[in-house]
Amino acid sequence: MIKFENVTKVYHKTIRAVDDISFTVKGGEIVGFIGPNGSGKTTTMKMLTGILKADVGKIIVNGFNVRKEPLKAKECIGYIADSPDMFLRLKGTEFLDLIGDIYRVPTEKRRQRIEEFAERFELSEALSSPIMSYSHGMRQKIMVIAALMHQPPVWILDEPMVGLDPKSAFELKKMMREHADAGNAVFFSTHVLEVAEKLCDRVIIIKKGHILYDGTLEKLAETNKNESLEKIFLELTDK
């Protein structure tokens, strides 16, 4: 459902934020995207969503070329950015209605989905208040609801657990698993290796724009016996 083919992104003519990377994320998979700060994770995700244009290579989402068919590709995506500080002057309900209008979600289905997600994330009572009055965690929750409201087959989540309380983080992880088990794709970045270990079917480790590893954590552990995942990651990214 996601396919990168030899994708490169260069900043300021010389800085290769992403350097000739290729990978796939299939339906039914949760794939974790792991790497140190500045490794190219957010740049990769912004190219995947069409926010940034790749300088070289091809990106396919659910069969649509992001460069040639951007609207069709974006309709397939539910994207949670690394910052939830957007549309702060709108009330929660106003923001969700705006997103529902953009994705042409029918009113009845929209109300049903908002109610269901708000209940799962314990946000129902806050929806009538401006988003600027929300805590960071509450802002993160409403961005999750907005991203998932049109039921996209491909979820792209940039550090989605940051700011969430334990119960909401548990609910989101449960929803990610449900989504993948229904044959959809989940691609998310995280710095929390324990989350990746428990949740991911596969991980992609990136450093300075290069993919260092693409596979299961079990296979990675087999090649580094008697070492913790944290130590393996640090040794791999410090080389």
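Everything here concerns the structure above.
Here is a short report on the structure shown in this document. (Residues numbered from 1 in each chain as written. Predicted model: local features only at pLDDT ≥ 70, side-chain atom pairs only at ≥ 80, totals over all residues. Heavy atoms only, no water.)

### Description of the sheet that holds strand S1 (residues 2-11)
Then, number 1: With antiparallel pairing, four strands are arranged side by side in an open sheet as S2-S1-S4-S5. The sheet is open, and its two borders are formed by strand S2 (15-25) and strand S5 (64-65), each paired with just one other strand.
Then, number 2: Relative to strand S4 (residues 56-61), S1 is paired through five bridges, and the arrangement is antiparallel. Across the sheet, residue Phe-4 finds its bridge partner in S4, namely Ile-59.
Then, number 3: Along the sheet, helix H1 (residues 41-49) makes contact with S1, S2 and S4, crossing S1 at roughly 120 degrees. (Pairing = 2+ DSSP bridges. Helix = DSSP H or I, 4+ residues; strand = E, 2+ residues; numbered from the N terminus. Contact = heavy atoms within 4.5 Å. Axes fitted to C-alpha atoms, helices over the stretch in contact; angles between N-to-C directions.)

### Quick look at the packing of helix H3 (residues 92-102) against helix H5 (residues 136-148)
Then, number 1: Across the interface, H3 lies against H5 with an axial gap of 9 Å and an inter-helix angle of 25 degrees. The orientation of H3 with respect to H5, classified from their angle, is roughly parallel. In the packing of H3 onto H5, the handedness of the crossing is right-handed. Judged by residue contacts, Gly-92, Phe-95, Leu-96 and Ile-99 of H3 engage Ile-142, Met-143, Ile-145 and Ala-146 from H5. (Parallel < 35°, antiparallel > 145°, perpendicular 65-115°, else oblique. Left-handed = near helix turned anticlockwise from the far one by under 90°.)

### Digging into the sheet that holds strand S8 (residues 185-189)
Either a parallel or an antiparallel arrangement is found when strands of a sheet pair, and the pairing is made through backbone hydrogen bonds.
Then, number 1: The six strands lie next to each other as S6-S7-S8-S3-S9-S10, forming an open sheet whose pairing is mixed. With one partner strand each, in any of the chains shown, strand S6 (77-80) and strand S10 (210-215) form the two edges of the open sheet. Each neighbouring strand pair of the sheet contributes to a mean axis angle of 15 degrees, computed without reference to strand direction.
Then, number 2: Pairing geometry for strand S3 (residues 30-34) and strand S9 (residues 202-207), over four bridges, is parallel.

### Thoughts on the nonpolar core
Then, number 1: Counting residues in hydrophobic clusters, the biggest one holds 48 residues, and the most contacted among them are Ile-30, Phe-95, Leu-96, Leu-127, Ile-142, Met-176 and Phe-188.
Then, number 2: Looking at this core element by element, the count peaks at seven residues for H5.
Then, number 3: Leaving out residues up to four positions away in the same chain, Phe-95 has contacts with Phe-87, Leu-90, Ile-131, Ile-142, Met-143 and Ala-146.
Then, number 4: Val-7, Val-25, Met-45 and Val-61 belong to the second largest nonpolar core, which has 25 residues in total. (Core = buried A, V, L, I, M, F, W, Y, C linked by side-chain atoms within 4.5 Å. Buried < 20%, exposed > 50% of the residue type's maximum accessible area, 1.4 Å probe, protein only.)

### A word on the side chain of Ser-39
Then, number 1: As for its placement among the helices and strands, Ser-39 is situated in the loop between S3 and H1.
Then, number 2: By relative accessible area, which is 3% here, Ser-39 ends up buried.
Then, number 3: With residues up to four places along the chain from it excluded, the contact list for Ser-39 reads Ala-17, Ile-206, Lys-207, Lys-208 and Gly-209.

### Brief notes about the pattern of salt bridges
Then, number 1: Counted according to the given criterion, the structure contains 16 salt bridges.
Then, number 2: Here Arg-202 makes a salt bridge to Glu-29, at a shortest N to O gap of 2.8 Å. Here Glu-29 lies in the loop between S2 and S3 and Arg-202 lies in strand S9, a separation of 173 residues in the sequence.
Then, number 3: Under the relative-accessibility criterion, Arg-202 is labelled buried at 13%.
Then, number 4: When its relative accessible area of 16% is taken as the criterion, Glu-29 is described as buried.
Then, number 5: Residue Asp-97 pairs with Arg-110 through a salt bridge whose shortest N-O separation is 3.3 Å. (Salt bridge = Lys/Arg side-chain N within 4 Å of Asp/Glu carboxyl O.)

### Digging into the packing of H3 against helix H4 (residues 107-120)
Then, number 1: Direction vectors running N to C along H3 and H4 enclose 135 degrees, while the axes themselves pass 11 Å from each other. If you check the angle between H3 and H4, you find them oblique. Relative to H4, H3 is oriented so that their crossing is right-handed. Of the residues in H4, those in contact with Leu-96, Asp-97, Gly-100 and Asp-101 of H3 are Arg-110, Arg-111 and Ile-114.
Then, number 2: When the residues that make up the contact of H3 with H4 are grouped by side-chain class, the tally is two nonpolar, one polar and four charged. (Nonpolar A, V, L, I, M, F, W, Y, C, P; charged D, E, K, R; others polar.)

### Re helix H6 (residues 166-181)
Then, number 1: In a regular helix each residue adds 1.5 Å, so 16 residues correspond to 22 Å; H6 covers 22 Å between its end C-alpha atoms and thus fits that length.
Then, number 2: Contacts made by the buried residues of H6 are with S3, H4, H5, strand S7 (154-158), S8 and helix H7 (193-199).
Then, number 3: A side-chain oxygen of the first residue of H6 lies 3.2 Å from the backbone nitrogen of Lys-167; this N-cap is Asp-165.
Then, number 4: Just downstream of H6, Gly-183 is the residue with a positive phi angle, here 95 degrees. (Expected span 1.5 Å × (residues − 1). Polar contact = N/O pair within 3.5 Å; in protein donor to acceptor, adjacent residues only side chain to side chain.)

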